[in-house]
Amino acid sequence: MENMVIKELYIKNFGKFSNRQFLLKDGIQIFYGENEYGKSTIYAFIKAMLFGLERGRGRAAQNDEFSRYEPWENPNYYAGVMRFTSGGKTFRLERSFDRYTKSALLICEDDGEELSIEDGDLEMLLGGMTKESFENTIAVGQLLARPGQELAEELKNYAANYYETGSSTVDLGGALETLQNRRKSVEQEIKGLIDRQEEKKEIVRQECRYVTNDAQRLQTELEVNQEKLQKLRLVQKEESQDKKAEDVENIRGRNVVEEAGPGADTDNAKSWIALGGLGIAAGIAGRIWSAFTSSQGVFSGGAISVLAWIFLGIGILLVCLGGIKWLRGRRDGRKYQEPVQEKTVVELRPQTRTELQRLEWENDRIKAEFKEKQIRFQNLQEQLSELDMPGGKLKSLRTSAQALKLAEEKLLEASRNMTQGFGKLLNKKASHILEQITQGRYTKLLVDEQLNMTLFEDGRRIPIDRVSCGTIEQVYFALRMAAAEMLCEDPLPIIFDDAFAFYDEKRLKSTLKWLSEQQRQVIIFTCQKREQEILSRIV
Amino acid sequence: MRFIHIADVHLGAQPDAGTAYSSGRAQEIWDSFSRVISLCEEEKTDLLLIAGDLFHRQPLLRELKEVNYLFSTLSHTQVVLIAGNHDYIKKGSYYRTFQWCENVHPLFGSEMGYVMLKEYDLAVYGLSYHTREIREERYSIKAPLAAAHEILLAHGGDEKHIPIRKEILESSGFDYIALGHIHKPQAVIRNMALYAGALEPVDRNDTGGHGFVRGEITENGVNVEFIPFASREYIHLALRVNEKMTNGSVKNHIQSTIESRGTQNIYKFILRGYRDADVEFDTEHMDIYGNILEIEDQTRAAYNYEELYEQNRDNLIGKFIEQFQGYEEDSMEYQALQEGVQALLENCLR
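As the structure is a prediction and not an experimental result, all values here were calculated from the model. (Residues numbered from 1 in each chain as written. Chains lettered and ligands numbered in written order. Predicted model: local features only at pLDDT ≥ 70, side-chain atom pairs only at ≥ 80, totals over all residues.)

S.K.: Honestly, the overall build of chain A in this entry has me stumped. Any pointers?
M.R.: If you tally the helices and strands in chain A, you get 13 helices and 13 strands. Evaluated residue by residue, chain A yields a buried proportion of 29% over its 539 residues. The long-range fraction of contacts in chain A, counting pairs at least 24 apart against all pairs at least 6 apart in sequence, stands at 72%. (Helix = DSSP H or I, 4+ residues; strand = E, 2+ residues; numbered from the N terminus. Buried ≥ 20, exposed ≤ 12 C-beta atoms within 10 Å, placed from the backbone. Contact = placed C-beta atoms within 7 Å.)

In structure tokens form, the structure reads like this:
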């Protein structure tokens, strides 16, 4: 144990004091004084010596500690000295707080070595305790000394490292933030990648639109052409009385994406049915005839009979095939428009014929171009679907994001486990202290992560706001002492500034007894004489 | 009889080729094909075999016209081609109706067909894809012995695209089997059944050299050789880093590697090994020549997890490491371990 003990305070000029020296001893040290004596000034001086005194900025500066304790006389001389022992050595800490000569000096008096406050030598002597944790634990102020919410954070952080054996102490919040930032940047990268992919897709989609537009334009062209053709055919009809025309295929109503395949064979089917009908008729006729000419069995009607059977068979087959073909043709015909099919004519005027031919070639050209667009469109669709597949880079980025998320979760889980362990220990210690100072009345204190406290009396749960002010103070005291014990390995002096006002005799006695048993320097500022009296009775 | 065997040209493909080369890559594939045709003409090659996937997707009419024009410049060479799974002959495909010039002999039937080249007493057999996939072993056939020499032009070799079996090909009796579909050039049977590989690499994973097969059928048998011909190569390189390396040294190393292996090539680097825990590689800014497709950072911070665990057994670091025991180095969990430990060590208070 490397106890720190404050040996001497030499106030050069601080608040109401100038050139005042206070010598302190180990163990319990009581500063008794009536109101206005300057106890709070001494308390503030100790804090300022240990952690410095920063001047606030702007409006806040008006009532901050710096202003409050700015010397009444000669404010440009704002300084003091503190001597203390730690780890068997004596140190001399000198500070000057005023804005012009601000300085701090730490000297080991045993060997005259000057230590560096900037490099954290003082911090090390204080066991890493910060001003905030100091105020939240061992510096107990006046009235309702409920530890600040920062203690909750600090305890949590500390909890995460509690079982540390030496090598390093980790800032849990910082580590989580690092992981979150990493994950955000990975997610950003993923988004960028998807956006770029989307851009590529948009280019292809744009091209699809161009192709579709082209196809539509071609279709309109075809319709116009078709109309012209029709008109010309009317002319042609008048020219020759035979009403026959050219094969024209209409691609109107056909979607670009769909396969080509118009039902052009319904006529074909009709002729098959007709032929089949003829065959059936011929077969039946043959059969009847062979029945008349021969009185023998059904299968022995001679050559004619055989022929009649064949005719009949083929006829039925043709009718069936024709029927199927016709039905299919009709179905297709509903999907695609029925083709216009007319027969050609021979005698035309030469200019009509050339015009007709020109229009037909034009038709062919448009159809060919249309098909080209169709294939191009299909190819683009294929390309689009390939672009949907995530690449290797995206996959590995997603894994990284997943891994970072998992690391966060596992880190939280690990810390929760540790906090639980720490919390149990904290509760155990605080309960033990509380039990001692309340002489066994409250045996159990439960403190959760947010520092919400619950008391137990004989196994009964008692909410903290149901107990007296004095008991609340004692609960806080127990928590502070337990936390101090756990947070700081090297015991620092405990300072009370009129903290026992609400304590009754009994509890004060047991509290002082408990304090006297600690291996610490205890500094008590009080405006009452009872602490001194009780203490003299205990010792 | 001298022949050139190409495959998987993938005209119309637009492979990713880094910022410097991607935009011109589609044209380069056409150029390369055109160079092969010129070479055939120059060398008076007797036969050009095209083992499928000449086109990346369905050929447009104008594309077929371009190709046919190139074929028409051949004063001596006969061309035999089939359609593969990429340019398969679907309904309405121009392959069905296109009129090729005289020296071109497409084998576009879905059943095995052949073309007889009497001049060389040679028959070339083959079939074309009419669907995207063919799962039957269509090449388990014997050479019909209709001519003195017989070649099989084939496309496929995996489960969904006409599986092949080496021993069946070996005893098939063909003088040569010109294979396509697999982009990496390789011999299935030495001097007898070869994948010419893609003429130009068409995918970022088509690493290594690309080109075509040149061969000769003589009285004494068949002799073939692979001719590297592609204008660029995809190169994947693993780069082992160590704890002394920084962004600067990795970048320099990458630059000199690219310079020695050719700035015309397209690269993917994979960084492996252990890096200094304080160094993070900024792989976005190492593409000096615009020919790096990707730098994959698989490096691990140089932590000795066992040692770290021993030292921190009872604190948060140890409790964190404890949760990740027994995961493989390339698992997501291992990555989580590494990221977590790094974050923890970066946030040490003392």
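S.K.: It is not clear to me how the overall build of chain B should be interpreted in this structure. Could you clarify?
M.R.: Secondary structure assignment for chain B yields 7 helices and 16 strands. Looking at chain B as a whole, 41% of its 350 residues are labelled buried. For chain B, the share of sequence-separated contacts (at least 6 apart) that also reach a separation of at least 24 residues comes to 72%.

S.K.: I tried to follow the packing of helix α10 (residues 392-437) of chain A against helix α7 (residues 332-346) of chain B on my own but got confused; where do I start?
M.R.: Angle between the axes and distance between the axes are the two parameters that describe a pair of packed helices. Two elements in contact, α10(A) and α7(B), have axes whose closest approach is 8 Å; the angle formed by their N-to-C orientations is 60 degrees. In terms of orientation, α10(A) lies oblique with respect to α7(B). Crossing angle aside, the handedness with which α10(A) passes α7(B) is right-handed. Side by side, α10(A) and α7(B) meet where A:Thr399, A:Ser400, A:Gln402, A:Ala403, A:Leu404, A:Leu406, A:Ala407, A:Lys410 and A:Leu411 of the first sit next to B:Met332, B:Glu333, B:Gln335, B:Ala336, B:Glu339 and B:Gly340 of the second. Looking at the contact of α10(A) with α7(B) residue by residue, the classes come out as 7 nonpolar, 5 polar and 3 charged. (Axes fitted to C-alpha atoms, helices over the stretch in contact; angles between N-to-C directions. Parallel < 35°, antiparallel > 145°, perpendicular 65-115°, else oblique. Left-handed = near helix turned anticlockwise from the far one by under 90°. Nonpolar A, V, L, I, M, F, W, Y, C, P; charged D, E, K, R; others polar.)

S.K.: I would appreciate a short explanation of the sheet that holds strand β1 (residues 4-14) of chain A in the present structure.
M.R.: For sheets, the rule is that strands pair by backbone hydrogen bonds, running either parallel or antiparallel. Overall, antiparallel pairing links the 6 strands, which are arranged β2-β1-β4-β5-β6-β7 (chain A) in an open sheet. Edge strands, defined here as strands with exactly one partner in the open sheet, are β2 (17-23) and β7 (114-115) of chain A. (Pairing = 2+ DSSP bridges.)

S.K.: Could you clarify how one ought to interpret the pairing of strand β13 (residues 522-526) of chain A in this entry?
M.R.: Residue and element names in this part refer to chain A. As defined by bridge partners, strand β3 (residues 28-32) adjoins β13 across 5 bridges and the pair is classed as parallel. Bridge pairing in β13 places Gln29 opposite Ile523. Viewed along the sheet, the connection from strand β12 (residues 494-497) through helix α12 (residues 505-516) into β13 turns out right-handed. (Right-handed = clockwise from strand over helix to strand, strands pointing away.)

S.K.: Please explain the interface of chain A and chain B as it appears in this structure.
M.R.: Much of the literature gives interface size as the accessible area that the parts lose upon coming together. Listed per partner, the contact involves 42 residues of chain A and 31 residues of chain B. Going through the elements one at a time, α6 (172-239), α9 (350-387) and α10 of chain A are the ones with two or more residues in the side of chain A that touches chain B. Ranked by residue count, the leading element in the side of chain A that touches chain B is α10(A), at 16 residues. Among the residues forming the side of chain A that touches chain B, the class breakdown is 16 nonpolar, 15 polar and 11 charged.

S.K.: Just to check I follow, could you spell out the confidence of the model for chain A for this structure?
M.R.: Parts of the model with low pLDDT should not have their predicted coordinates read in detail. The share of residues in chain A with pLDDT of 70 or more is 75%, and the mean pLDDT across the chain is 78. Per-residue pLDDT stays below 50 along residues 295-301 of chain A; that stretch engages in 2 contacts with residues further than four places along the chain or on separate chains. (pLDDT = per-residue confidence, 0-100.)

S.K.: What's the story with the nonpolar core in this structure? I'm lost.
M.R.: Looking at soluble globular proteins, one finds that nonpolar side chains tend to be buried together. In this structure, A:Ile46, A:Ala430, A:Leu445, A:Ala478 and A:Ile495 are the most contacted members of the largest nonpolar core, which totals 88 residues. Counting residues per element, this core draws most heavily on α10(A), which supplies 14 residues. Not counting residues up to four positions away in its chain, the partners in contact with A:Ile46 are A:Ile6, A:Leu9 and A:Ile495. One finds B:Phe33, B:Ile82, B:Leu122 and B:Val213 within the second-largest nonpolar core, a separate group that totals 65 residues. (Core = buried A, V, L, I, M, F, W, Y, C linked by C-beta atoms within 7 Å.)

S.K.: Would you mind going over the environment of B:Lys268 with me for this structure?
M.R.: Residue and element names in this part refer to chain B. The topology assignment puts Lys268 in strand β14 (residues 266-275). Put simply, Lys268 and Arg204 are 64 residues apart on the chain and 8.6 Å apart in space, counted from C-alpha to C-alpha. Here Lys268 is in contact with Arg204, His236, Leu293 and Glu294, once residues within four sequence places are set aside.

S.K.: What exactly am I supposed to notice about the pairing of strand β5 (residues 89-96) of chain A here?
M.R.: Every regular strand shows the same layout, with side chains that alternate between the two sheet faces. Residues and elements named next belong to chain A. Where strand β4 (residues 79-86) and β5 come together, 8 bridges link them in antiparallel fashion. Residue pairing in the sheet places Arg83 in a bridge with Arg92 of β5. Adjacent in sequence and paired antiparallel, β4 and β5 are bridged by 2 residues, among which Gly87 carries a positive phi angle near 60 degrees. Sheet topology note: the β5/strand β6 (residues 103-108) ladder contains 6 bridges and is antiparallel. Following the sheet pairing, Ser96 is matched in β6 by Ser103. Counting the residues between successive antiparallel strands, the hairpin from β5 to β6 contains 6 residues.

S.K.: Would you mind going over the sheet that holds β12(A) with me for this structure?
M.R.: Pairing is parallel in the open sheet, where 4 strands are placed in the order β3-β13-β12-β8 (chain A). Strand pairing shows two members of the sheet lacking a second neighbour, β3 and β8 (139-140) of chain A, which therefore form its edges.

S.K.: It is not clear to me how the packing of α6(A) against α9(A) should be interpreted in this structure. Could you clarify?
M.R.: All names here are of chain A. Look at α6 against α9: their axes get within 8 Å of each other, and the N-to-C directions meet at 160 degrees. Relative to α9, the element α6 is oriented roughly antiparallel. Where α6 crosses over α9, the handedness of that crossing is left-handed. Tallied by class, the residues present in the contact of α6 with α9 amount to 17 nonpolar, 7 polar and 12 charged.

S.K.: Help me understand helix α2 (residues 61-72) of chain B in this model?
M.R.: The α-helix winds at 3.6 residues per turn, so residues separated by three or four positions along the chain end up facing the same way. The end-to-end C-alpha distance of α2(B), which contains 12 residues, comes to 16 Å, matching closely the 16 Å that a straight helix rising 1.5 Å per residue would cover. Where α2(B) is buried, its residues meet β3 (78-82) and β4 (104-106) of chain B. (Expected span 1.5 Å × (residues − 1).)

S.K.: Is there a simple way to explain unusual backbone geometry in this structure?
M.R.: Residues apart from glycine generally show negative phi values, whereas peptide bonds are mostly found in trans. All names here are of chain B. Backbone geometry at Asp8 places phi at a positive 45 degrees, although glycine is not the residue there. Position of Asp8 relative to the elements: it lies in the loop between β1 (2-6) and α1 (18-43). Of the residues examined, Asp8 has 30 C-beta atoms within 10 Å and is grouped as buried. The backbone phi angle of Asp53 is positive, close to 55 degrees, even though this residue is not glycine.

S.K.: I tried to follow the environment of A:Cys469 on my own but got confused; where do I start?
M.R.: With respect to the element layout, A:Cys469 can be found in helix α11 (residues 469-487). On the neighbour-count criterion, A:Cys469 (12 C-beta atoms within 10 Å) is exposed.

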